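# Residue-level structure breakdown
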Amino acid sequence: PQFQLPGNMVYIKVHKVGGSTFAGVLRRICEHYCMTGCRTAFGAYDPAGLVKPFKAQLHAGHGELNQQMRHLVVNRFPNAFKLTMLREPLSRALSEFYHFQVTRAGVRPNARRKLRALKSSIGYQYKYIGGSLFGGVNATLDEYDFVGLSHRFDDSLVVLQLMLGLSTDDIIYIKAKVADGSGARDDWGFKMVAHPPLADED
């Protein structure tokens, strides 16, 4: 199928779901099909609302879908094709713990700290993608045109490809961040700490 530009595209980027990799795919699609906002977090965003982009634009940055963000989406990205990516909650919470607490804050991981991180993450993804605004899981998911799953990342990209008529070149990717003990650094320059597989956590 031929590519069908859906108009503006808004990606609600949840933390630690493979979001940077997915955002990279969307930015390449944005550039390939001559959209605007490909290299910024908020599209061709003008705080005063004075400059109206003449092309479809992309928003692909972190930002919980609360009332303020929803106002931005409605006013700056009207009739947007909305996307998000979700991850199995336990795996996501531990990844967030290792990324922000262990890698960046230098906290030593132990069972007590992990349990605290897991408890604080209950309902996190639901709230982040707007659950408090729309009331109910089904109503929240219905607000989105595409919901990908990080553990089915490749399959999710193929679904998006079929939905939009993209080429295979559009969805080829390299992972943005891999905490595998190889010495890779995150986007703030911190050396990423490898963490054990979920089944091996104590």
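Residues numbered from 1 in each chain as written. Predicted model: local features only at pLDDT ≥ 70, side-chain atom pairs only at ≥ 80, totals over all residues. Heavy atoms only, no water.

## Digging into the nonpolar core
Note the threshold: As used in this record, nonpolar core signifies buried Ala, Val, Leu, Ile, Met, Phe, Trp, Tyr and Cys residues forming a set joined through side-chain atoms within 4.5 Å. When a residue's accessible area, from a 1.4 Å probe over protein chains only, is under 20% of the maximum for its type it is buried; when over 50% it is exposed; and in between it is partly exposed. Segments assigned H or I by DSSP are reported as helices when at least four residues long, segments assigned E as strands when at least two residues long, and all are numbered from the N terminus. Contacts between residues were defined by any pair of non-hydrogen atoms, one from each residue, lying within 4.5 Å.
Met9, Tyr11, Phe22, Leu26, Leu83 and Leu160 are the most contacted members of the largest nonpolar core, which has 38 residues in total. With 6 residues, the top contributor of residues to this core is helix α1 (residues 19–32). When residues no more than four places from it in sequence are discounted, the contact partners of Leu160 are Phe22, Leu26, Phe81, Leu83, Phe146 and Leu166.

## Remarks on the packing of helix α3 (residues 89–104) against helix α4 (residues 111–120)
To be explicit about the condition: Only C-alpha atoms enter the line fits that serve as axes; for helices the fit covers just the stretch in contact. Angles between N-to-C directions range over 0 to 180 degrees. Our angle categories are set so that under 35 degrees counts as roughly parallel, over 145 as roughly antiparallel, 65 to 115 as roughly perpendicular, and the remainder as oblique. Should the near helix be turned anticlockwise from the far one by less than a right angle, the crossing is left-handed, and should it be turned clockwise, the crossing is right-handed. In this classification, Asp, Glu, Lys and Arg are treated as charged, Ala, Val, Leu, Ile, Met, Phe, Trp, Tyr, Cys and Pro as nonpolar, and every other residue, Gly included, as polar.
Between α3 and α4, the shortest axis-to-axis distance is 9 Å and the interhelical angle comes to 120°. As far as their axial angle goes, α4 and α3 are oblique. Crossing hand, α3 versus α4: right-handed. Together, Leu90, Ala93, Leu94, Phe97 and Tyr98 of α3 and Arg113, Lys114, Ala117 and Leu118 of α4 make up the contact between the two elements. Of the residues that constitute the contact of α3 with α4, the class distribution is 7 nonpolar, no polar and 2 charged.

## Digging into the packing of α1 against helix α8 (residues 153–164)
Each pair of packed helices can be described by the angle between their axes along with the distance between the axes. The geometry of α1 relative to α8 is characterised by a closest axis approach of 12 Å and an angle of 25° between their N-to-C directions. Relative to α8, α1 is oriented roughly parallel. As α1 runs across α8, the sense of the crossing is right-handed. Side by side, α1 and α8 meet where Thr21, Phe22, Val25 and Leu26 of the first sit next to Phe153, Leu157 and Leu160 of the second. For the contact of α1 with α8, the class distribution of residues is 6 nonpolar, 1 polar and no charged.

## Things to note about the confidence of the model for the protein chain
The criterion, for reference: pLDDT is a residue-level measure of predictor confidence that goes from 0 to 100.
For the protein chain, per-residue confidence averages 84 on the pLDDT scale, and residues scoring 70 or more make up 80% of the total. Within the protein chain, strand β4 (residues 146–149) carries the highest mean pLDDT (97), whereas helix α2 (residues 67–76) carries the lowest (87). A low-confidence stretch, residues 44–51 stays under pLDDT 50, and its non-local contacts, those more than four residues away or across chains, total 10 contacts.

## Brief notes about the packing of aromatic side chains
Note the following rule: Only Phe, Tyr and Trp rings take part, Trp by its six-membered ring, and two of them pair if their centres are within 6.5 Å. Stacked means planes under 30 degrees apart, edge-to-face means over 60, and tilted covers everything else.
Per the counting criterion, the structure on display carries 6 aromatic pairs. Centroid distance Tyr11 to Phe22: 5.0 Å. Interplanar angle 80°. Geometry classified as edge-to-face. Placement of the pair is Tyr11 in strand β1 (residues 9–13) and Phe22 in helix α1, with a sequence separation of 11 residues. Both residues of the pair, Tyr11 and Phe22, count as buried. An angle of 40° between the planes, with centres 5.5 Å apart, marks the rings of Tyr124 and Tyr128 as tilted. With a gap of 4 residues between them, Tyr124 and Tyr128 both fall in helix α5 (residues 124–128), about one helical turn apart. What links up through ring pairs into an aromatic cluster is the set Tyr11, Phe22, Phe146, Phe153 and Tyr173.

## Observations regarding α8
What counts here: The span expected for a helix works out to 1.5 Å for each residue beyond the first. Here, the arc refers to the directions that run from the helix axis to the C-beta atoms.
Along its 12 residues, α8 runs 17 Å from first to last C-alpha, staying within 8% of the 16 Å computed at 1.5 Å per residue. Within the sequence span of α8, burial applies to Phe153, Ser156, Leu157, Leu160, Gln161 and Leu164. Buried positions in α8, seen along its axis, are confined to an arc of 145° and lie on one side of it. The elements touched by buried residues of α8 are β1, α1, β3 (81–86), β4 and α9 (168–171).

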